[in-house]
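Here is how the chains run, residue by residue.
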Amino acid sequence: LTYQPDQAEYEERHLRYISPLGKGNFGSVELCRYDPLGDNTGELVAVKRLQPNKQSNMADFQREIRTISSLHCDYIVKYRGICYSMGRLSVSLVMEYLPYGSLIAFLEKKRQVITPRRLLLFASQICKGMEYLQSRRVVHRDLAARNILVASDSLVKIADFGLTKIIPSDKEYYRVSHPGESPIFWYAPESITDFKFSHKSDVWSFGVVLYEIFSFCNHHLNPKVLCTQKIGPHAQGQSISMHLINLLKGNWRLPAPQLCPPQVYSMMTACWAYESENRPTFSSLGEMIESYVQDEREG
Ligand SMILES: CCc1cc(O)ccc1-c1ccc2c(C(=O)Nc3ccc(C)nc3)n[nH]c2c1
C-alpha cells in the first residue's frame, strides 16, 4: 500500500460525501473525506462535481483543471487531483479544504475583533496571489470577496477558477464571446463594454475586493446594492450596464467605507482608473500595502 499524499487521481469509492459547501460557477461544491483506510483518518477535501448533463462545460472544466493543477502559491487554494465517476463519464475536481470558509462570512462574523492591520494583511496576501497569477499569464476574471477563502485567522487564499482565462502570449487581453452571468459590479469598464479581460481588469476587481474587505463585507454596503441604489430601481437588464458605465464615465465610484484609512481608499481609486493603462500593477499595489503597514507600525 503506497501512501501518496498528493496523488492526482482519487478513487470514487473512497471519496465519502459529508455535506454541501455551496454553489460555484460550474456545478456545486461538496465537503468530502478521502478515506481509503475507512477509519475516518483520511483528509477532508472540497469536491466540485461537474453536472454530467452539462457536457458543454466539460471542455471548460478540463481547462479549469489544467490551469489550476499548474498553480503553486501559498495564496491560492491548492489543487489536490481529480476523481472519475460513472465510468470516466463525469469528472470531479478535488481541492484543498479550507476550514474557515468564505472571507465574506468570516469578516461579517469577526468584524468587532479584526483590526485594519489584519485587513491589510489579507489584502497583501490576495495581492501576492494575483501577482503570482499574473506571472503565469492567468487572468482570474471573477476576483471578489465571495471567491476568497479563509485558511486560518491570518491566512486567506484565492479560490474558484471557474472563469479564469490564459492570456495568449501575443496579446495583452482576453476577449470572451458572451457576458454570461457577469458580476458587472466587480468588472472593469472595458470588460462590461467590450468583454475584454486582462491583468488590468483583475486590478479593477482587486480594488472592489479592497472595498469589500474594508466594509467588512457588510451586506448593506455590497457593491451590487450600492451601484443599484445609485442607478435607481427603474433600470433593468442591458441598460443596467449602460447606466453603470455612464456613472463610471462621470467619475462616480464606490464611496470610502467607514473607518477606511485614506491611503487605502486612494489605492482603491487608483485601481478604478477608467483607462486600464492608468491602473497600478499588482506588484506596485503590493509595495503600497507593505509601505502602509510599515507606516502603521511606526505610527
Ligand atoms: C472545489 C471548488 C473549487 C474550485 C476551484 O477552481 C478553486 C477552489 C475551489 C474551492 C471552493 C470552495 C472551497 C472550500 C470551502 O468552501 N470551505 C468552507 C469551509 C467552511 C464553511 C462554513 N464553508 C466553506 N474549501 N476549499 C474550497 C475550494
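Thresholds, definitions, all that
- Residues numbered from 1 in each chain as written.
- Predicted model: local features only at pLDDT ≥ 70, side-chain atom pairs only at ≥ 80, totals over all residues.
- Heavy atoms only, no water.
- Near = heavy atom within 4 Å.
- Polar contact = N/O pair within 3.5 Å; in protein donor to acceptor, adjacent residues only side chain to side chain.
- Areas by Shrake-Rupley, 256 points an atom, 1.4 Å probe, with all protein chains shown as cover.
- Phe/Tyr/Trp six-rings, centres within 6.5 Å; stacked < 30°, edge-to-face > 60°.
- Helix = DSSP H or I, 4+ residues; strand = E, 2+ residues; numbered from the N terminus.
- Buried < 20%, exposed > 50% of the residue type's maximum accessible area, 1.4 Å probe, protein only.
- Lys NZ or Arg CZ within 6 Å of the ring centre and 35° of its normal.
- Core = buried A, V, L, I, M, F, W, Y, C linked by side-chain atoms within 4.5 Å.
- Contact = heavy atoms within 4.5 Å.
- 1 Å grid on protein atoms, 1.4 Å probe; cavity = no way out; pocket = protein on both sides within 12 Å on 5 of 7 lines; lining within 4 Å.
- Points joined across faces, edges and corners; volume = space filled by probe spheres on them.
- Nonpolar A, V, L, I, M, F, W, Y, C, P; charged D, E, K, R; others polar.

K.L.:
Please provide a residue-by-residue account of the site of the ligand, values included.
P.N.:
Taken together, 18 residues lie near the ligand, and Glu-64, Glu-96, Leu-98, Asp-160 and Phe-161 sit nearest. Between Glu-96 and the ligand, the recorded distance is 2.8 Å, taken from a backbone N or O atom to a nitrogen atom. Residue Leu-98 places a main-chain N or O atom 3.0 Å away from a nitrogen atom belonging to the ligand. Compared with its free state, where it exposes 590 Å², the ligand has 82% of that area covered by protein.

K.L.:
Mind laying out the packing of aromatic side chains, listing which residues take part and the relevant values?
P.N.:
Tallied over the full model, the rule gives six aromatic pairs. Taking 4.6 Å as the distance between ring centres and 80 degrees as the angle between the ring planes, the aromatic pair formed by Tyr-10 and Tyr-34 counts as edge-to-face. Residue Tyr-10 is found in the segment before β1 (15-23), and its partner Tyr-34 is found in strand β2 (residues 28-34); the two are separated by 24 residues along the sequence. By the burial criterion, Tyr-10 is buried, and Tyr-34 matches it. Ring geometry for Phe-106 versus Phe-122: centroids 6.1 Å apart, planes at 65 degrees, classification edge-to-face. Linking Phe-106 in helix α2 (residues 103-110) with Phe-122 in helix α3 (residues 116-135), this pair joins segments that are 16 residues apart in sequence. In textbook terms, an aromatic cluster arises when at least three aromatic residues are bridged by ring pairs, as seen for Tyr-100, Phe-106 and Phe-122. The ring of Tyr-173 is capped by Lys-171, whose NZ or CZ atom sits 5.2 Å from the centre of that ring.

K.L.:
Tell me what's going on with the nonpolar core, and back it up with residues and numbers.
P.N.:
Counting residues in each nonpolar core, the largest one holds 80 residues, and the members touching the most others are Leu-103, Leu-107, Ile-126, Phe-206 and Phe-214. With near-sequence residues (within four places) excluded, Leu-107 lies in contact with Ile-114, Leu-119, Phe-122, Glu-212, Ile-213, Phe-216 and Cys-217. Tyr-10, Leu-15, Cys-32 and Val-94 belong to the second-largest nonpolar core, a separate cluster that totals eight residues.

K.L.:
An account of empty space enclosed by the protein is needed here, citing residue identities and associated values.
P.N.:
Counting across every chain of the model gives one cavity of 30 Å³ or more. Counted as a void, the largest cavity has a volume near 90 Å³. What lines the largest cavity is simply Ile-184, Phe-185, Tyr-187, Trp-204, Val-208, Cys-227, Leu-244, Leu-248, Trp-252, Arg-253, Leu-254 and Trp-272. Grouping the amino acids of the lining of the largest cavity by side-chain chemistry returns eleven nonpolar, no polar and one charged.

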